[in-house]
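Each chain, letter by letter, is given below.
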Amino acid sequence: MSVLSTLMGMMQSDAAGQAAAGAAEAAAPAGEAAKAAAQAIEIAPTVYPGPAPTDLYWLPEPVSVTTESVDWLYYGVLGLSYFCFIGITIAVIYFVLKYRKRPGHDQAQPSPSHNNPLEITWTVIPAIICVFLFLFGWRGYIDVATPPEHALEIQITGQKWFWTVKYPNGYNDPNNELHVPVNRSVRLIMTSNDVLHSFFIPVFRVKQDVVPRRYTELWFKATKPGVYRVYCAEYCGKDHSQMKTVVVVHEPGGYQKYLERVDEAENAGPADVKTGEKVYNQFCIACHTLDGSARVGPSFKNLVMGSDHKMTDGSMVKVDENYLKESILDPMAKIRDGYPPGMTPFKGVLSDKKIDSVILFIKSLNQAE
Ligand code: CUA
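In this report, the structure presented in the accompanying data block is examined. What you see as residue numbers is a count from 1 along each chain, following the sequence as written. For this predicted model, a pLDDT threshold of at least 70 governs which residues receive local features, and a threshold of 80 or more governs which side-chain atom pairs are given and counted, while totals over whole chains, interfaces and linings are taken from all residues. To obtain the side-chain values, all non-hydrogen atoms of the structure were included, while hydrogens and water were left out.

Details of the layout of surface pockets
Put simply, the grid is 1 Å and covers the protein atoms alone, a cavity is a trapped set of points that fit a 1.4 Å probe, a pocket is an open set with protein on both sides within 12 Å along at least five of seven lines, and lining residues have an atom within 4 Å of a point. Grid points are joined across faces, edges and corners, and a volume is the space filled by probe spheres set on the points. Empty space within the largest pocket amounts to approximately 760 Å³. The wall of the largest pocket is formed by 26 residues, among which Ala265, Glu266, Thr275, Lys278 and Lys353 lie closest to the centre. Runs of H or I in DSSP of at least four residues are treated as helices and runs of E of at least two as strands, each being numbered from the N terminus. Of all the elements in the fold, those that place two or more residues in the lining of the largest pocket are helix H5 (254–267), helix H6 (273–284) and helix H8 (352–365). Among the elements that line the lining of the largest pocket, the one with the most residues is H6, at six residues.

Things to note about the packing of helix H3 (residues 67–98) against helix H4 (residues 116–145)
As a packed pair, H3 and H4 sit with axes 9 Å apart at the nearest point and diverge in direction by 155 degrees. It follows from the interaxial angle that H3 and H4 lie roughly antiparallel. For the element pair H3 and H4, the recorded crossing hand is left-handed. The residues of H4 that touch H3, namely those facing Ser69, Leu73, Val77 and Leu80, are Ile129, Leu133, Phe136, Gly137 and Gly140. Following the grouping adopted for this structure description, the nonpolar residues are Ala, Val, Leu, Ile, Met, Phe, Trp, Tyr, Cys and Pro, the charged ones are Asp, Glu, Lys and Arg, and the polar ones are all others, Gly among them. Looking at the contact of H3 with H4, its residues break down into six nonpolar, three polar and no charged. Lines fitted to the C-alpha atoms define the axes, with helices restricted to the stretch that makes contact. Angles between their N-to-C directions range from 0 to 180 degrees. To sort the angles, those under 35 degrees are grouped as roughly parallel, those over 145 as roughly antiparallel, those from 65 to 115 as roughly perpendicular, and the leftovers as oblique. Crossing handedness is read from the near helix: turned anticlockwise from the far helix by less than a right angle, it gives a left-handed crossing, and turned clockwise, a right-handed one. Should any heavy atoms of two residues lie within 4.5 Å, those residues are considered in contact.

Some points on the pattern of salt bridges
For this document, the term salt bridge refers to a Lys or Arg side-chain nitrogen within 4 Å of an Asp or Glu carboxyl oxygen. All chains considered together, the criterion is met by 10 salt bridges. The salt bridge involving glutamate 217 is made with arginine 187; its shortest N-O contact spans 2.5 Å. Linking glutamate 217 in strand S7 (residues 216–221) with arginine 187 in strand S4 (residues 185–192), this pair joins segments that are 30 residues apart in sequence. When its relative accessible area of 31% is taken as the criterion, glutamate 217 is described as partly exposed. Across the pair lysine 318 and aspartate 308 runs a salt bridge whose closest N-O atoms are separated by 3.8 Å. Here aspartate 308 lies in strand S10 (residues 308–310) and lysine 318 lies in strand S11 (residues 316–318), a separation of 10 residues in the sequence. If you follow the salt bridges from partner to partner, you end up with Glu153, Arg187 and Glu217 in one network. For every residue, the accessible area (1.4 Å probe, protein chains only) is compared with the maximum for its type, and the residue is labelled buried under 20%, exposed over 50%, or partly exposed between those bounds.

Details of the sheet that holds strand S1 (residues 152–159)
In any sheet, the strands associate via hydrogen bonds between backbone groups, in a parallel or an antiparallel arrangement. One bridge is not enough; two strands pair if DSSP finds at least two bridges between them. On the basis of which strands lie adjacent, the open sheet formed by four strands has the order S2-S1-S4-S7 and mixed pairing. At either end of the open sheet lies a strand with only one pairing partner, and these are strand S2 (162–166) and S7. Direction aside, neighbouring strands of the sheet carry axes that sit 25 degrees apart on average.

So, the nonpolar core
For this analysis, a nonpolar core means a set of buried residues of the types Ala, Val, Leu, Ile, Met, Phe, Trp, Tyr and Cys, connected via side-chain atoms within 4.5 Å. The biggest cluster of nonpolar side chains holds 35 residues, and the ones touching the most others in it are Ile154, Leu178, Leu188, Phe199, Ile201, Phe204 and Val247. Excluding its chain neighbours within four sequence positions, the residues that come into contact with isoleucine 201 are Val206, Phe220, Arg229, Val230 and Val247. With 18 residues, the next largest nonpolar core counts Met311, Phe346, Ile359 and Phe361 among its residues.

What about the environment of glutamate 149?
On the secondary structure map, glutamate 149 appears in the loop between H4 and S1. Owing to a relative accessible area of 70%, glutamate 149 belongs among the exposed residues under this scheme. Measuring from C-alpha to C-alpha, the distance between glutamate 149 and serine 185 comes to 8.8 Å, with 36 residues separating the pair along the chain.

As for the pairing of strand S6 (residues 206–210)
Pairing analysis gives five bridges linking strand S5 (residues 197–201) to S6, with the strands arranged antiparallel. Residue phenylalanine 199 lies in a different strand from S6, and its bridge partner there is glutamine 208. Hairpin connection of S5 to S6: four residues between the antiparallel strands, including arginine 205 at a positive phi of 60 degrees.

Some remarks on the packing of helix H7 (residues 321–329) against H8
In helix packing, the relevant descriptors are the interaxial angle and the interaxial distance, both defined with respect to the helix axes. Two elements in contact, H7 and H8, have axes whose closest approach is 10 Å; the angle formed by their N-to-C orientations is 125 degrees. Judged by the inter-axis angle, H7 sits oblique to H8. Crossing geometry of H7 relative to H8 is assigned as right-handed. Across the interface between the two elements, Glu321, Leu324, Lys325, Ile328 and Leu329 from H7 touch Asp352, Ile355, Asp356, Val358, Ile359, Ile362 and Lys363 from H8. Split by residue class, the contact of H7 with H8 holds seven nonpolar, no polar and five charged.

On their own, these measurements won't tell you what the molecule is for.
Shown next, in the form of structure tokens:
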């Protein structure tokens, strides 16, 4: 009864919240609403539909090209175990009954100490079985451990207690999910920001440790569109059990469309300093400091708008937005005096919004002076 009333209470407060949100929306002027819409394109998290009913009795439905060898081996070993278990149990029961103590049979009989044919049989047959298991296991391992060339590469970072997924277009998945196309080999390049984790996709029959300060890899080729579970399979602390997500296998063309949506969401709304700081921490921090000290490149501090900077060819360049943008997209165009021409171009890596944001961020650093 109390559970029911709690539930009712939750539903009511939920409804009240929705009503309040609706009222706020109605109260906001149309222009404000449009602005809010332009600022954020939300990509809703994917709902995991739950395991298939057959998953209760069998291994989860296999949906990758390398699952066959794993499953055959697993069911083979399981079958052998059943066979031995049942055989031994029947033999034990049979012998217990046959040689039980009963009138006329109470004298223990000496058992044979050695029997060559028997010993050879029970050595050779298991040895042959072991060799076959090894061969199948080895072949399966080679399949699972060798990603094909030209696989689609996606980067995975594990940290307490979530996975970050970074696509080839440079964007992180907005919901920390893994989206992949069907019938395409995918290679995951994985590392950890803190402790050991393990990336485990049961339907693909792949599991790989994710280790700090080194890369490990995993590959699969999904054969059926759908939404499947991803787990962390290495105990990594308090919320290890919560460190799960989904892999979404898209129909042909769906993956590209999804990436375009991610791209759109990334670029929706105006540039802002906060986004710029994120971009700085992700892309610029290795070479450019904020405290005035020189690293590979000049510091972002004292990069004052309107000041003149000397270039390696002796010319002077006035610092403005155009100069900053050009230096991000095509760093070789103008090289600051005293620094090596070592920066990689960010053309195609950073969106216009991100470039504008990082310029705003640089300007915000030097506003006070
Ligand atoms: Cu990460 Cu367990």
